[in-house]
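Geometric and topological summary
Here's the letter readout for the chains.
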Amino acid sequence: SEMCIRDRDVLFEDDDSLYSIEMQRFDDSALPKRGRYYASAMDIDQLRKGDEYKELKKNYVIFICTFDHYGLEQAVYNFQNYDVKNSLPYGDESYKLIINTTAPAENTPQELMPFFDYVNRMEVPADDAFIQALHRQVQKYNTSEWRRKLMTLEEKIKLQIEMEREQIFAEGEAKAKLENAKKMKEMGFDIEIISSITGLPIEEIKNL
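Now for a look at the structure at hand. The residue numbers shown here count from 1 along each chain, following its written sequence. Only residues with pLDDT of at least 70 get local features here, since the model is predicted, and only at 80 or more are side-chain atom pairs given and counted; chain-wide, interface and lining totals rely on the full set of residues. Processing note: side-chain calculations cover all non-hydrogen atoms of the structure and skip hydrogens and water entirely.

Centres within 6.5 Å are what make two rings of Phe, Tyr or Trp a pair, Trp counting through its six-membered ring; a difference in plane orientation under 30 degrees is then read as stacked, over 60 as edge-to-face, and the rest as tilted. All chains considered together, the criterion is met by seven aromatic pairs. On the basis of an interplanar angle of 45° and a centroid distance of 5.3 Å, the ring pair of Tyr 70 and Phe 79 is categorised as tilted. The buried label applies to any residue whose accessible area, calculated with a 1.4 Å probe on protein chains only, is under 20% of its type's maximum; exposed applies above 50%, and partly exposed to all values in between. A residue is classified by how much of its surface remains accessible, and Tyr 70, at 34% relative accessible area, is partly exposed. Residue classification places Phe 79 among the partly exposed residues on the basis of a relative accessible area of 33%. Connected via pairs of aromatic rings, a cluster forms that spans Tyr 19, Tyr 60 and Tyr 95.

Right under this line is the structure:
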């Protein structure tokens, strides 16, 4: 497994799944749309040119909220795409979880109570190894040095898209040069003149 802490979220990867985990302290009506964007961004980030769609891992977008976005007092809202009429899962293995740390105790699984107490009040139980380890990680990565080093998921995707655009442009420009050189050669232009105009090596023009 592999974990990367961003300045706004945590990206966690295991053998068959990717997880984007983000803390939310203020309600936002655009929260579901942001979940949609994050899921798409994770897919773009892992699927390289030429890869097949079946190679995509399951993805989970998890928002840990200190408010109840849906107002039903549930601790966990679990979403996936499905056919509404037939209650049939779409099967894209993309999931969104909205965690409500303010859920009443009667609606909160016992195993989540220490975590919710930590998120809400920064309580670190002396007998809870997981919360203690989590607190150490939070302290480690919540520094200006780490925030400067780590790139957000959106920035990474934008950079990747820009690099791919530049590559496509360069490939198109090279193809256009070859096509122009070929046409000029067919029209009887001197090879040295073609090389001067297109910038292509003479040997490459000879082989057209």
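Right, picking up where we left off after that structure.
So, about the pairing of strand E4 (residues 58-65). Put simply, side chains in a regular strand alternate between the two faces of the sheet. Helix numbers and strand numbers start at the N terminus; a helix is a DSSP run of H or I with at least 4 residues, a strand a run of E with at least 2. Among the eight residues in E4, seven count as buried, and that is most of the element. Relative to E4, strand E3 (residues 17-24) runs parallel, the two sharing eight bridges. Along E4, the bridge assignment pairs Gln 24 with Cys 65. As paired strands, E4 and strand E8 (residues 94-100) are joined by seven bridges and run parallel to one another. Bridge assignment links Asn 59 to a residue of E8, and that residue is Ser 94. Pairing between strands is defined by DSSP: at least two bridges between them are needed.

Before going further, it helps to spend a moment on the pairing of E8. Burial of E8 is extensive: seven of the seven residues sit out of reach of the surface. Both faces of E8 are covered, namely the face carrying Ser 94, Lys 96, Ile 98 and Asn 100 and the face carrying Tyr 95, Leu 97 and Ile 99. By the bridge criterion, five bridges tie strand E5 (residues 76-80) to E8 in an arrangement that is antiparallel. Paired with Asn 78 across the two strands is Leu 97, which belongs to E8.

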